[in-house]
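Per-entry structural report
Each chain is listed here by its residues.
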Amino acid sequence: MPTVKPIPNDMHSVTPHLVCAGAAEAIEFYKKAFNATELGRLPGPQGKLMHALIRIGDSSVMLVDEMPEWGSFGPKSLKGSPVTIHLYVEDVDTVVARAVGAGATATMPVADMFWGDRYGKLEDPFGHQWSVATHIRDVSPEEMQQAMQKMGG
């Protein structure tokens, strides 16, 4: 009898699981914005997605529709989200521009940051917060600390 892997192939230890008001539309947005690939979806009896799985880069993201009857609400229903999903990409400027073109709102313009990333922030049309970055230089912890102190941090 074959053994079952405790962590399935192609999955990481931590996987975001996003609740969206309109998970099917969210999948289409993530395809346009972040070149996501849809790996599967499980629609329920009323057509809402009970589960969906996409891949962005080398990482999986699970999605589900809002289901207030089960206490499952997306960021728009909750009036915001305390969570930011961080996405490393090859070219942050291109990805942020593509995401904005697909319907995201830039909440922080892309710029070179003291910690060595070129970095910007977005809110997607479903209320989820994303930070998008390309690592452009290695910075020592000492340099980072000095840069933060100069900022008054």
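Structure: above.
Described in the following lines is the structure provided in the data block. (Residues numbered from 1 in each chain as written. Predicted model: local features only at pLDDT ≥ 70, side-chain atom pairs only at ≥ 80, totals over all residues. Heavy atoms only, no water.)

**Re the sheet that holds strand S8 (residues 129–135)**
For clarity, the cut-off: Strand pairing requires that DSSP identify at least two bridges connecting the strands. Numbering of helices and strands runs from the N terminus; a helix is a DSSP stretch of H or I covering at least four residues, while a strand is a stretch of E covering at least two. In this description, a line fitted to the C-alpha atoms serves as the axis of each element, helices being fitted only across the stretch in contact, and the angle between N-to-C directions of two axes falls anywhere from 0 to 180 degrees.
If you trace the four strands from one edge of the open sheet to the other, you get S5-S8-S7-S6, paired in mixed fashion. The two strands at the open ends of the sheet, each matched to only one other strand, are strand S5 (84–88) and strand S6 (105–112). Going across the sheet, the axis of each strand differs from the next one's by a mean of 15 degrees, ignoring polarity. Pairing geometry for S5 and S8, over five bridges, is parallel. From the neighbouring strand, Leu87 faces S8, where its bridge partner is Val132.

**Details of the pattern of salt bridges**
Let me state the cut-off plainly: Criterion for a salt bridge: a side-chain nitrogen of Lys or Arg within 4 Å of a carboxyl oxygen of Asp or Glu. Note on exposure labels: buried denotes an accessible area under 20% of the residue type's maximum, exposed denotes more than 50%, and partly exposed covers the range between, all computed with a 1.4 Å probe on protein chains only.
This structure, assessed with the given rule, holds five salt bridges. Here Lys31 and Glu28 are joined by a salt bridge, their closest N and O atoms 3.2 Å apart. Of the two residues, Lys31 and Glu28 are both situated in helix H1 (residues 23–34); the distance of three residues between them amounts to about one turn of the helix. Judged by relative accessible area, Lys31 falls into the partly exposed class, the value being 29%.

**Description of the pairing of strand S3 (residues 49–56)**
By the criterion of burial, S3 is predominantly enclosed, with six of the eight residues buried. Pairing of strand S2 (residues 37–43) with S3 involves six bridges; the strand directions are antiparallel. By the bridge assignment for S3, Thr37 is matched with Arg55. Here S2 hands over to S3 after five residues, with Gly47 in that stretch at a positive phi of 90 degrees. Where S3 lies against strand S4 (residues 59–65), five bridges are found, and the strand directions are antiparallel. Within S4, the residue paired with Ala52 across the bridge is Leu63.

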